[in-house]
Amino acid sequence: MKRVSFRTILRAASLALILAVSGWALLPPASDRETPGSGRRTYGDEVRFVIKVSPGPQYMPGSVPFGIGEPLRGLSDVIEDFERRFPDTRIEVLTVPGVREYLVSLLSSGQAPDIINVNVEDVWIDVQKNWYVPLDPFLEAPNEFIREQGDPDAPGYHQWWDMFKYQAISRGKAAPDGKNYCLSYDMVETGVFYNKTIFREVGVDVPQDWDEFMVMLRKLKDAGHTPLLMHSELFNDWCTDLFFDQLYYAILPGIDLYQDPSREPYLHGYLDDFEIAFLFQKGFFTKGDPRYMEVWRIMKELRQYTNQNIATVDLTREFVTRKAAMVWNSSPFLYRLKADRHLGFDWGVFYLPQFTKNTSPYASETPMCVIGGAAVQFEVTNSAVSDTPPELPFEERMATSERLKRVMQFLQFLCVPEQYARIVNEYECFLPNIVGVPVAPALKPFEEILERRYTTTKWVFTFDLKFAEIQRRLIELYLNGGISLDGFMDWQTSNIAYGADNLFFRRKFDVDELQRAWEEKAPIRAG
């Protein structure tokens, strides 16, 4: 009999506890239930639709961001207006844990909230299961609340799509099947927050290229400061993608083998998962690929100037207590610093500078690309068509569902500029993705960063969750000196091989078409 380890038992018990607590958290207060434990709120006969929404923590009504300021109420105010407009509808706001096993259990049973907020890349692997509603028919139609205002020139009058400011990122979220399952509600971007006081004391300035950046890091370290705060997930995600783009962008015309007609006008050369898998078969992303080796060499050089423990995810304390000169973080961190009355120093934001030929002979010498993008990503689940017979084809359920129509009306209502601004601009966190909604002045640096082109690829979303987790652990082991670059590449090559094989097993691709494109682009690669 196979022995079950204590670790396996503990993990299973922990998951069971998470699921139990999460299920309890989704229940409404006892005073709102028909009977204790029933999980159903009492509404009058006039209520036809009870729509459940999990918006994520950023706009959760009643929450206090970073424990600073007043409780949020923007979303709840908009919900009240929507319910007044549609008296037969009630919106219930829920907190749904991001544990994938929990979401899968809800989705597979049709018990998920109607609207959830998860990274759409995590949705892509399940779209064939009809757990999510493709939004294209709705996005390509008018936003009815804009239409009723009567201005044909208003974004949204002809197509809901037209309301979104960042078209490249928003439309670029299409799944590999060509359909859109995500509403990119707002935008997030990363930046290096720096202590201006420390910079003045040490005598350093914002660097203009990577070589200046490395010199600055050495000076800060010699002065007794931790130069840059990062945790392992940033190396695995943001850092990997930026470095990869810096080294591969120049050769992209010769290796970008597939141009999706719906996304290419916006993404301009994004490498899809099957392209990565095909290129791996051609010898890319192995020890024989000098650019890929350079990604990890340069990352190891950067590691010596970061915090000793990169396993921690709380980097705030070291920065606000002036022990560190910089922290790489995302735009919501701005609110934490801006609202801190006891901070005691001036700070600013800059973006990582570009590589030069001195950094690497393979540097593309182009500005660092965007690695942020969609922040709150709303998906509509199969619960939205629960008023239709489950045995019907999913397209027919979508076409006949009155519940789905009301769910989409709610999402459209959230995008009306005057309603939208009450939610997104309630505090400085994310950048508006609706045309005409102003950006908070403090977020202007991040708006400028978002004007750059989008990244070449997103490695953590290229294959499955297992691949991403193995890559994260390998990077952490390598950066902490537990394994050499050669050893790291041996394991990473096996990891990519697993991811590529699994991808081709799960989804069928026209390999012959990729091969034809590969051969056609041979002169470009040779040149």
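Higher on the page you've got the structure.
Thresholds, definitions, all that
- Residues numbered from 1 in each chain as written.
- Predicted model: local features only at pLDDT ≥ 70, side-chain atom pairs only at ≥ 80, totals over all residues.
- Heavy atoms only, no water.
- Helix = DSSP H or I, 4+ residues; strand = E, 2+ residues; numbered from the N terminus.
- Rg over C-alpha atoms; globule rule 2.2 N^0.38 Å.
- Buried < 20%, exposed > 50% of the residue type's maximum accessible area, 1.4 Å probe, protein only.
- Contact = heavy atoms within 4.5 Å.
- Areas by Shrake-Rupley, 256 points an atom, 1.4 Å probe, with all protein chains shown as cover.
- Lys, Arg positive; Asp, Glu negative; His and termini not counted.
- Charge placed at Lys NZ, Arg CZ, Asp CG, Glu CD.
- Core = buried A, V, L, I, M, F, W, Y, C linked by side-chain atoms within 4.5 Å.
- Axes fitted to C-alpha atoms, helices over the stretch in contact; angles between N-to-C directions.
- Parallel < 35°, antiparallel > 145°, perpendicular 65-115°, else oblique.
- Pairing = 2+ DSSP bridges.
- Salt bridge = Lys/Arg side-chain N within 4 Å of Asp/Glu carboxyl O.
- Phe/Tyr/Trp six-rings, centres within 6.5 Å; stacked < 30°, edge-to-face > 60°.
- Left-handed = near helix turned anticlockwise from the far one by under 90°.
- Nonpolar A, V, L, I, M, F, W, Y, C, P; charged D, E, K, R; others polar.

Undergrad: Sorry, what's going on with the overall build of the protein here?
TA: Helix and strand content of the protein: 24 helices and 12 strands. Relative to the globule expectation of 24 Å for 527 residues, the C-alpha radius of gyration of the protein, 24 Å, shows essentially globular dimensions. In terms of its C-alpha atoms, the protein occupies a principal-axis envelope of roughly 70 × 65 × 60 Å. In the protein, which comprises 527 residues, the proportion classed as buried is 54%. Considering only intrachain contacts with a sequence separation of at least 6, the fraction spanning at least 24 residues in the protein is 73%. Accessible area of the protein: about 23700 Å², with a carbon and sulfur share of 52%. Measuring between centres, the 57 positive side-chain charges of the protein sit 5 Å from its 73 negative side-chain charges.

Undergrad: So what exactly am I meant to see when it comes to the nonpolar core here?
TA: Where a protein is soluble and globular, its nonpolar side chains tend to be buried together. Grouped together as the largest cluster of nonpolar side chains are 99 residues, with contacts concentrated most on Trp-210, Phe-213, Phe-243, Phe-285, Leu-302, Met-326 and Trp-328. What Trp-210 contacts, discounting residues up to four positions off in sequence, is Phe-243, Ile-298, Leu-302, Leu-352, Pro-353, Gln-354, Phe-355, Thr-359 and Met-368. Of all hydrophobic cores here, the second largest spans 53 residues; its members include Phe-145, Phe-378, Phe-413 and Tyr-420.

Undergrad: I tried to follow the packing of helix 9 (residues 210-222) against helix 14 (residues 290-303) on my own but got confused; where do I start?
TA: Remark: helix 9 packs on helix 14, axes separated minimally by 11 Å, with the N-to-C direction vectors making an angle of 30 degrees. Viewed along their axes, helix 9 and helix 14 adopt a mutual orientation that is roughly parallel. Seen from helix 9, the contacting residues are Trp-210, Phe-213, Met-214 and Leu-217; seen from helix 14, they are Ile-298, Glu-301 and Leu-302.

Undergrad: Whenever I open this one, unusual backbone geometry confuses me. Can you help?
TA: If a residue is not glycine, its phi is most likely negative; likewise, a peptide bond is most likely trans. Residue Phe-285 is not a glycine yet carries a positive backbone phi of 65 degrees. For Phe-285, the position within the fold is in the loop between helix 13 (273-281) and helix 14. We classify Phe-285 as buried; its relative accessible area is 0%. The phi angle at Arg-322 is positive, at roughly 70 degrees, despite the residue not being glycine. By secondary structure assignment, the location of Arg-322 is in the loop between helix 15 (316-320) and strand 8 (324-330). The class of Arg-322 is partly exposed, set by a relative accessible area of 32%.

Undergrad: Whenever I open this one, the sheet that holds strand 5 (residues 186-188) confuses me. Can you help?
TA: Picture the strands of a sheet paired through backbone hydrogen bonds; they go either parallel or antiparallel. Ordered by their spatial adjacency, three strands build an open sheet running 10-5-12, and the pairing between neighbours is antiparallel. A single partner strand is all that each edge strand has here, and the edge strands are strand 10 (373-374) and strand 12 (431-432). Bridging between strand 5 and strand 10 involves two bridges; their strand directions are antiparallel. Counted as the bridge partner of Val-188 is Gly-373 from strand 10.

Undergrad: So what exactly am I meant to see when it comes to the pattern of salt bridges here?
TA: Under the criterion given, the structure shown has 24 salt bridges. Between Arg-85 and Glu-148 there is a salt bridge, with the nearest N and O atoms lying 2.8 Å from each other. A residue pair is termed long-range when its members are at least 10 positions apart, and Arg-85 in helix 2 (residues 74-85) and Glu-148 in the loop between helix 6 (144-147) and helix 7 (167-171) qualify at 63 residues. The partner of Lys-458 in a salt bridge is Asp-237, with the nearest N and O atoms 2.9 Å apart. Within this pair, whereas Lys-458 is found in the loop between helix 20 (444-449) and helix 21 (465-479), its partner Asp-237 is found in helix 10 (residues 232-248), the two being separated by 221 residues in sequence. Of the two residues, Lys-458 and Asp-237, neither departs from the other in class, the shared state being buried. What you see here is one network of salt bridges that share partners, running through Glu-469, Arg-472, Arg-473 and Glu-476.

Undergrad: Explain the sheet that holds strand 8 to me, please; I cannot follow it from the model alone.
TA: The mixed open sheet is built from four strands, whose spatial order is 7-8-6-9. Either end of the sheet is taken by a strand with one partner, and the two such strands are strand 7 (226-229) and strand 9 (347-350). Between one strand and the next, the sheet's axes are offset by a mean angle of 20 degrees, whatever the strand orientation. Two elements, strand 7 and strand 8, share three bridges in a ladder whose sense is parallel. Within the sheet, the bridge partner assigned to Leu-228 lies in strand 8 and is Met-326. Taken strand by strand, helix 10 contacts strand 6 (190-195) and strand 8, and its axis lies near 85 degrees from that of strand 8.

Undergrad: What should I look at first to understand the packing of aromatic side chains in this one?
TA: All chains considered together, the criterion is met by 43 aromatic pairs. Aromatic side chains Tyr-59 and Phe-430 sit 6.4 Å apart centroid to centroid with 85 degrees between the ring planes, which places their arrangement in the edge-to-face category. Taken together, the positions of Tyr-59 in the loop between strand 1 (49-53) and helix 2 and Phe-430 in the loop between helix 19 (417-424) and strand 12 put the pair 371 residues apart, joining distant regions of the chain. Note on Phe-430: relative accessible area 4%, which makes it buried.

Undergrad: I'm lost on the environment of Leu-106 in this one. Help?
TA: If you trace the backbone, Leu-106 turns up in helix 3 (residues 100-108). When the C-alpha atoms of Leu-106 and Thr-381 are compared, they prove to be 9.9 Å apart, with 275 residues separating the residues in sequence.

Undergrad: Help me understand the packing of helix 14 against helix 22 (residues 485-506) in this model?
TA: At their nearest, the axes of helix 14 and helix 22 sit 11 Å apart, and the two run at 120 degrees to each other. With respect to helix 22, the axis of helix 14 lies oblique. For the pair helix 14 and helix 22, the sense of crossing is right-handed. On helix 22, the residues that touch Tyr-292, Met-293 and Trp-296 of helix 14 are Leu-485, Asp-486, Phe-488, Met-489, Gln-492 and Ile-496. Of the residues that constitute the contact of helix 14 with helix 22, the class distribution is seven nonpolar, one polar and one charged.

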